[in-house]
Structure formats: structure tokens, C-alpha cells
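Here is how the chains run, residue by residue.
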Amino acid sequence: MNFSSSEVIKCPTPVREIKDVYQQYGVKLIVKEDYQTHPIISGNKWRKLNGNLQHMQSQGYEGIISFGGAHSNHLYALAGLRQLFDIPVIVLVRGDGFDPENETLAFAKTSGVKLYFIDRAAYREKERGEIANKIISEFPNYLVIPEGGSNQFALSGIQELYSEIKVQIPDYSHLVLSMGTGGTAGGLLSCMKKDRAQMVVYPALKGDWMQAEIINYVKLFNKNVVQIPNKLTVRSAFHFGGYGKIPTDLLLFIDEVKNKYDLPLDPIYTGKAFFGLMEDIKNKFYKPGDIVVFIHTGGLRE
Ligand SMILES: Cc1ncc(COP(=O)(O)O)c(C=O)c1O
């Protein structure tokens, strides 16, 4: 089955200009609405899982084993795969046990995902941990995908995203996106070898390791890389206190963007990134004449 061309996944995803930004600041702001791939398997979750699905199929794996937080978009998307494509999915979940109040877990369970709960200390060891290894060894014919889906097979889907943007907006000057693991940014950057544009990343996490992490992904995706293109800027001041922290001013901003531009944002990733981008536009980090593509990486919940 070619998952990309299946009727449930919408690719290429649309692009849309936010016109009044140009009128006010001379910066052309275009949103790549990648959340529109699918309401459940949305944005970069689809892009990263797509190549994994192809690999699973070509190698004859029976199903997928992965890892995720109990509220994570990754777990939600995996449950979507189970529901839409009937793929056997096992997820090792960080946490103490099933909580029916948690909508992500409840959805995963009703979709038929097999859930194993691992306490936080053991979970930190992930694939290398004794408990995880024991579970994985019981399913030798399952493809193991890391948390967030950022492995070498993710690249083909990210390349697909890159190619769509190149066709839709050939003259862009900046690719802008949120960051968690850095896998999506690393994948896109590894496509940008001959690209004259810059990448600007707005991490959802607090820390100073983002640049290095993205570069690690570039090396993972492109083993022959000799020199990392000098095209990356990390704008790390817009995490709003850290991963998963959602202060009221962020929620107010998200509401305002929804009302003004009819653009839905999530509070963990895209809301923070779009906030940082708008601040940077106002403060002239981007210059008149720039053509900025904001990649909306998904994460919306119904
Ligand atoms: C909606 C959304 N945007 C961005 C990211 C960050 O992507 P990456 O981990 O590839 O940096 C994630 C998840 O991990 C996500 O769910």
C-alpha cells in the first residue's frame, strides 16, 4: 500500500499567505498548513511515520513498537495508524498506568493500540532499558521506532514536505518551524544543501543544546555529510518557561491568531513558534522583502 497516496492523507498540504503582515512589515508570511495531512496523523507526525511505514512494509515487519509520553502527539498519531490502516501498534508509555481521563490514552486504547506502562526512571533508558528490551524481544518482527519518530527512515517523508514547499513557494528566503527533538529541522536542513534560504527554528523546550541536536540529525540523515550548511538560526527565547508550560498570555495569543487569521495553533509547539516568529517580524529580525514560510507542524486536537 502506498500510504502517501491513500485517500485519508491529504498531500500536498496547502499554503496560505497571511496578507496583513506584508502590509504592515513588508515581510511576506506564508503558512505551510501541514497540519492538514490528517486530523490525527498530522504534520510532522505523518511526515516522519510515512517513511517508517514504507520500511515496515518493504521489510515485511508485522507492526510497530514505539515509545511516547501519555499525552504525546506521537502516541496519538500511532493510534491513528492503528485505526486507519489497521497496523498492529505497541507503545511503551511513560507513566504509571492507564488513566481513562487521558484522552490520548483512551483513544489509543479504543483504537486497539497495545499499551505497556513504564515508570519514569525505567523509561529514561528507553530502548536500552531492561524492561523495554524484554517487551521488544517478545515481538521480534516489529519495527522499533524511537519516541517522536525521528529515525533514519523519517527522512523520506520530510523530503516530501521539502519538495512540496519548493514547488509551492520556490522563492522563499526562510523556512521557519518549531522544534522538539530536532528531527524535522535536521531532516529539512539536510535537504537544503543547495538552497540559498535560511532555516529559523523556535524550540518548544528550554536549553542550549538545540543547534547541536539538529546537526546530529543532519548527520544521521546524511552519512556522507562533510560540512553542515551554515543556514541555521535557533531562536531559543520563546519556550514560555519550558516544555509543556502554557501560560495565559500564550493562550491569549493563540486565540487572537485564530480569530484574526483563522489559523489554529497548538500550545506546545506551533503556538510558541508562531509567537516567536511574530515577535521577530515586529522587531525586524526579518527584513522587508523576505519571504518567510512558517511550517505548521500539526499537533492540533479535535
Ligand atoms: C506538532 C509538533 N510540532 C513540532 C514537533 C517537534 O518536532 P521534532 O521532534 O521533529 O523537532 C512535534 C513533536 O515532536 C510536534 O508534535
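Residues numbered from 1 in each chain as written. Predicted model: local features only at pLDDT ≥ 70, side-chain atom pairs only at ≥ 80, totals over all residues.

Participant: An account of the site of the ligand is needed here, citing residue identities and associated values.
Facilitator: Residues in close proximity to the ligand total 19 residues, the closest being Gly180, Thr181, Thr184, Thr297 and Gly299. The set of elements that each furnish at least two residues to the shell around the ligand consists of strand S7 (174-179) and helix H8 (183-191). Of all the elements, H8 adds the most residues to the shell around the ligand, at three residues. Counted by class, the shell around the ligand contains three nonpolar, 15 polar and one charged residues. (Near = placed C-beta within 6 Å. Helix = DSSP H or I, 4+ residues; strand = E, 2+ residues; numbered from the N terminus. Nonpolar A, V, L, I, M, F, W, Y, C, P; charged D, E, K, R; others polar.)

Participant: Can you break down the sheet that holds strand S5 (residues 114-118) residue by residue, with the values?
Facilitator: The strands making up a sheet associate through backbone hydrogen bonding, with each pair oriented either parallel or antiparallel. Pairing is parallel across the open sheet formed by four strands, whose spatial order is S5-S4-S3-S6. Strands with a single pairing partner mark the edges of an open sheet, and in this sheet they are S5 and strand S6 (142-145). Recorded for the sheet is a direction-independent mean angle of 20 degrees between the axes of neighbouring strands. Of the strand pairs in this sheet, strand S3 (residues 63-69) and S6 are connected by four bridges, and their pairing is parallel. Directly across from Gly63, in S6, lies its bridge partner Tyr142. Sitting on the sheet, helix H6 (residues 130-137) touches S3, strand S4 (89-94), S5 and S6, and the angle it makes with S5 is about 160 degrees. (Pairing = 2+ DSSP bridges. Axes fitted to C-alpha atoms, helices over the stretch in contact; angles between N-to-C directions. Contact = placed C-beta atoms within 7 Å.)

Participant: Quick rundown of the pairing of strand S2 (residues 28-32)? Include the residues and the values.
Facilitator: Across the five residues of S2, five count as buried, placing the element largely inside the fold. Residues Lys28, Ile30 and Lys32 line one face of S2 and the alternating positions Leu29 and Val31 line the opposite face, and both faces are buried. The pairing of strand S1 (residues 15-17) with S2 spans three bridges and is classified as antiparallel. Counted as the bridge partner of Val15 is Lys32 from S2. Across five bridges, S2 lies against strand S10 (residues 291-295) in parallel orientation. Of the residues in S10, the one forming a bridge with Lys28 is Ile291. (Buried ≥ 20, exposed ≤ 12 C-beta atoms within 10 Å, placed from the backbone.)

Participant: Please set out helix H3 (residues 73-85) residue by residue, giving values where relevant.
Facilitator: With 13 residues, H3 should reach 18 Å at 1.5 Å per residue; the first-to-last C-alpha distance of 18 Å fits that figure. Counting buried positions along H3 gives ten out of 13 residues, so the element sits mostly inside the fold. Along H3, the positions that sit buried rather than exposed are Asn73, His74, Leu75, Tyr76, Ala77, Leu78, Ala79, Gly80, Leu81 and Arg82. Tucked into the core, H3 has its buried residues touching helix H2 (44-58), S3, S4 and helix H4 (103-111). A positive phi of about 60 degrees marks Asp86, the residue just after H3. (Expected span 1.5 Å × (residues − 1).)

Participant: Give me the nonpolar core: which residues, what numbers.
Facilitator: Counting residues in hydrophobic clusters, the biggest one holds 50 residues, and the most contacted among them are Val176, Val201, Val293 and Phe294. Ignoring sequence-local partners within four residues, the contact set of Val176 consists of Val200, Leu277, Val292, Val293, Phe294 and Ile295. In this structure, Trp46, Ile64, Leu81 and Val89 belong to the second largest nonpolar core, which totals 31 residues. (Core = buried A, V, L, I, M, F, W, Y, C linked by C-beta atoms within 7 Å.)

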